[in-house]
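# Secondary and tertiary structure notes
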Amino acid sequence: MKIAQKLIRIYKNRKFIPGYIMFYLHRYTHKLMYQVKSINSRTMYSTESDRIARKLNIERKEAGAYIKANSVCSLLTTDIEKAIAYLRKSKRFNDTLKNAADAALNHKFLLLNTYADELYDDIGNGVKWYTDYESGYTFGKFHYSDSHYTHKPTGVEIKNVWELSRMQYLFAPALYYKIHGDERYAIFVKETILNWMDNNDWETGPNWHPSMETGIRIANILLSYQLILNSSVADTEFCACVASCASLHQKFIMQNVENIGGVTSNHYLGGLVGLAVIATTFPFLPGEKSFLANVYKSFEKEIRRQILEDGTGFEGSSQYLQFVGEMFCVPMILRRNTDGTQFSSEYQNRLFTALNYIRALHLPDNTWCQIGDNDSGHIFRLSQTKSPDASYFIRMAETILGQASTMDTIPSELVIFCENVTDRMQSEISDNIYFFDKGYNSTFRSHLFYLNFAAPDPFLYGMNSHTHNDKLSFILCYLDKPFIIDPGTGSYTGNTVVRNRLRSIESHSTVQINHLEQNDFFMGNSMFASIRKVYIKEWGKKQENNICKFSGSIEYADVLSKYIHDREIEIDNNHVEIDDTITGDNIVSVISRLVLHPDVNVYISDDSIFMNNSDVCLRVETNGIARVTEGLYSMDYGKWETTNIIEIEHLVQNSHCVLCKTIIYPNMN
């Protein structure tokens, strides 16, 4: 059976296979060239500086002055001085900014929304660019294909190394310099960039893979470069170094484009962002104008592919949608700040639909629903945020699209990217009851309850890397308190046990039949792919006055039998009723679960279950036998804690059909 599944998968992806072969053929060709070039003692950065001077038809010693004089601050609004004056007036913003900038100067780097230290060697080579700060493991200084994350001990997280090299923590000191003119912060930015170049020569080490990381890194380097460009420390030699660094990043991305066989993802977009920022910062480099036009065309194509017509993402992950949403905002900023042109109306409409979808996932505690994987990814990050977070994408998209804000707090630093950032607010909920229904995702919101009901199916679009076994799962809040949640992601490759546990059906508030997973996970090294077993049969919503009924139906099977799970959720301001019907052959076990937020305490009496969050209580009634088990909750990538799961075992009296009922009421006693 497994062999047949593999053969079918190979046939379906037959266009992918030649592309995959060519990808690795190119990689190992470049590896051979790298080994030949490594005989030369000069770094590739120095060689690239010579090449740029030749292309510009000027002397090497004159190249730095030319580059500095002709660099374009494409990420910064054309009225940057007005934006800086605006930021200078806010004491609250400047206090937050200074704390973030000082943390960076003290080598406490903001990585994955947490400040990490012990990553700087005062005696050695500076920043420990190859070290996983959690495990202490250091990757080898080899060709990036030999430093790949699959060749590492168990428990080592390559993402920690990549995040350090994204250098998003340079944003705060660079902006602080721009606002206050303190050269110490500009010096830190310059020294950190040069230190990275000294320790990460062309294609050397794990930080040159994948090209998404290369793209995000160079975007952050060039953002900080643009912010300190008028500093005395940004001398002509430094400008020449940054240009050579950017040119090599462009070369690497183009040689390792992540669209194998036409299959793209957020990885491909990360590379495109880097290419767009490079081409707009250094437009004088030969061929950049036509090159940039092709990059913009690629963005136009990708937004139609990666953001669906209803605003949901084709990867089946809410947090990845806000991540790619930020990426789609960046080229709009670049065009606005350089040639004043815009993307097509379809591009802007797709971004707007994604904006509305992510708005609907905003929870009452000012976090966001986690559906599918969450790797805490952002393009730019200034300071810590409450997690899970999508406010940066929402406010960036609102600004670019000219929308009034739905956010209580506005990231003030957005004024450096775009003009017309406004404090004007619009009500997120115009009526007492709010319904949202897009794709396989439905939301109810009132002044008492919030409920999100989802069954993402990225297999429909050839994607399966970032989806979980969460079909017909739901999230519930009451009186601004989270009760039933999606537990997040935890880890990818650093802890495979946590990875599989958090993406399994046992970590989601849905029904498990005969102890089966909805989709099977691949065994071995892959911690992303899965084998499709579950199919969405039906999805619907009915609204009667203030009562809303969401319904969904899925079908999946084991070797011998096929099972159908029908779920209907009825909700108003007085109760939530979940009715599940399980049909099929040889049903021996039916277990439904309610995955609780860590702040929720649970107590089971003879006939009811009580869930308490602070002074707010909900009562649960069910026709099954309830017990409390231990689960995990992850609000940020790389971090997790224990939480409670209410596990309800339903009596199987008929092996062909089982009816399950769970009712949740506000507890008024």
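### What about the sheet that holds strand β8 (residues 473–478)?
- Strand order in this open sheet of 5 strands is β5-β6-β7-β8-β9, and the pairing throughout is antiparallel. Every interior strand has two partners, whereas the edge strands, β5 (434–438) and β9 (481–484), have only one. Each strand of the sheet is rotated relative to its neighbour by a mean of 15 degrees, with strand direction disregarded.
- Where β8 and β9 come together, 3 bridges link them in antiparallel fashion. Residue pairing for β9: Leu476 is matched across the bridge by Ile484.

### Considering the packing of aromatic side chains
- In the structure shown here, the tally under the stated rule is 27 aromatic pairs.
- Here the aromatic rings of Phe171 and Phe417 are separated by 6.1 Å at their centres, their planes lie at 45 degrees, and the arrangement is tilted. Residue Phe171 is located in helix α8 (residues 171–180), and its partner Phe417 is located in the loop between α16 (391–401) and β5; the two are separated by 246 residues in the primary sequence.
- Owing to a relative accessible area of 1%, Phe171 belongs among the buried residues under this scheme.
- For the pair Phe343 and Tyr347, a centre-to-centre distance of 4.2 Å together with 20 degrees between the ring planes defines the contact as stacked.
- In this structure Phe343 comes out as buried when scored by relative accessible area, which is 4%.
- A connected cluster of aromatic rings, assembled from ring pairs, spans Tyr66, Tyr225, Phe238, Phe282 and Phe284.
- Directly above the ring of Tyr296 sits Arg335, whose terminal nitrogen or CZ lies 4.8 Å from the centroid.
- Across from the ring centre of Phe343, 4.5 Å away, lies the NZ or CZ of Arg335, which sits over that ring.

### Re the packing of helix α13 (residues 288–306) against helix α15 (residues 345–360)
- Closest axis-to-axis distance for the α13/α15 pair is 10 Å, and the angle between their directions is 40 degrees. Between α13 and α15, the angle falls in the class oblique. Handedness of the crossing formed by α13 with α15: left-handed. Counting all contacts with α13, which are made through Phe299, Glu300, Ile303 and Arg304, the residues of α15 involved are Glu346, Tyr347, Arg350 and Leu351.
- Residue classes in the contact of α13 with α15 are distributed as 4 nonpolar, no polar and 4 charged.

### Re empty space enclosed by the protein
- Within this structure, the stated rule accounts for 5 cavities of 30 Å³ or more.
- Size it by volume and the largest cavity reaches roughly 100 Å³.
- For the largest cavity, the lining is made up of 13 residues, of which Ile371, Ser473, Phe474, Ile475 and Asp486 are closest to its centre.
- Within the residue set of the lining of the largest cavity, elements represented by two or more residues are β7 (449–454) and β8.
- Looking at which element gives the most residues to the lining of the largest cavity, the answer is β8, with 3 residues.
- The residue makeup of the lining of the largest cavity, split by class, is 5 nonpolar, 6 polar and 2 charged.

### Some thoughts on the environment of Ser442
- When you line up the elements, Ser442 lands in strand β6 (residues 441–445).
- By relative accessible area, which is 0% here, Ser442 ends up buried.
- Residues Ser442 and Lys541, 99 residues apart in the sequence, show an inter-C-alpha distance of 7.9 Å.
- Filtering out sequence-adjacent residues up to four positions away, Ser442 remains in contact with Phe436, Asp437, Leu451, Asn452, Phe453, Trp539 and Phe550.
- A distance of 3.1 Å separates the side chain of Ser442 from the side chain of Trp539, its partner in a polar contact.

### Topic: the pairing of strand β20 (residues 616–622)
- Across 5 bridges, strand β19 (residues 609–613) lies against β20 in antiparallel orientation. Following the sheet pairing, Ile609 is matched in β20 by Val620.
- As judged from the 5 bridges shared by β20 and strand β23 (residues 657–666), these two strands associate in the antiparallel manner. Within β23, the residue paired with Thr622 across the bridge is Thr662.

### A word on the packing of helix α9 (residues 183–199) against helix α11 (residues 236–255)
- Put simply, α9 and α11 touch, their axes get as near as 11 Å, and they point 50 degrees apart. Overall, the two elements α9 and α11 adopt an arrangement that is oblique. Seen along the crossing, α9 lies across α11 with a hand that is left-handed. The segment α9 lies against α11, with Lys190, Ile193, Leu194, Trp196 and Met197 engaging Phe238, Cys241, Ser244, Cys245 and His249.
- Counted by class, the contact of α9 with α11 contains 7 nonpolar, 2 polar and 1 charged residues.

### Re the confidence of the model for the chain
- Chain-level pLDDT for the chain is 89 on average; 90% of the residues reach the 70-or-more range.
- Counting contacts from residues 423–431, a segment whose pLDDT is below 50, to residues more than four positions away or on other chains yields 22 contacts.

### With respect to α9
- Helix length check: α9, at 17 residues, gives a terminal C-alpha distance of 24 Å against a target of 24 Å (1.5 Å per residue), a fit within 8%.
- Three or more residues of α9 are buried, namely Tyr185, Ala186, Phe188, Val189, Lys190, Thr192, Ile193, Asn195, Trp196, Met197 and Asn199.

### Some words on the state of the cysteines
- The tally for this structure, following the rule as stated, stands at 0 disulfides.
- Here Cys241 stays unpaired: no disulfide links it, and the sulfur of Cys245, its closest cysteine neighbor, is 9.0 Å away.
- The thiol of Cys657 is not disulfide-bonded; the next cysteine sulfur, from Cys660, is found 9.1 Å away.
- Residue classification places Cys657 among the partly exposed residues on the basis of a relative accessible area of 31%.

Conventions used here
- Residues numbered from 1 in each chain as written.
- Predicted model: local features only at pLDDT ≥ 70, side-chain atom pairs only at ≥ 80, totals over all residues.
- Heavy atoms only, no water.
- Pairing = 2+ DSSP bridges.
- Helix = DSSP H or I, 4+ residues; strand = E, 2+ residues; numbered from the N terminus.
- Axes fitted to C-alpha atoms, helices over the stretch in contact; angles between N-to-C directions.
- Phe/Tyr/Trp six-rings, centres within 6.5 Å; stacked < 30°, edge-to-face > 60°.
- Buried < 20%, exposed > 50% of the residue type's maximum accessible area, 1.4 Å probe, protein only.
- Lys NZ or Arg CZ within 6 Å of the ring centre and 35° of its normal.
- Parallel < 35°, antiparallel > 145°, perpendicular 65-115°, else oblique.
- Left-handed = near helix turned anticlockwise from the far one by under 90°.
- Contact = heavy atoms within 4.5 Å.
- Nonpolar A, V, L, I, M, F, W, Y, C, P; charged D, E, K, R; others polar.
- 1 Å grid on protein atoms, 1.4 Å probe; cavity = no way out; pocket = protein on both sides within 12 Å on 5 of 7 lines; lining within 4 Å.
- Points joined across faces, edges and corners; volume = space filled by probe spheres on them.
- Polar contact = N/O pair within 3.5 Å; in protein donor to acceptor, adjacent residues only side chain to side chain.
- pLDDT = per-residue confidence, 0-100.
- Expected span 1.5 Å × (residues − 1).
- Disulfide = S-S within 2.5 Å.

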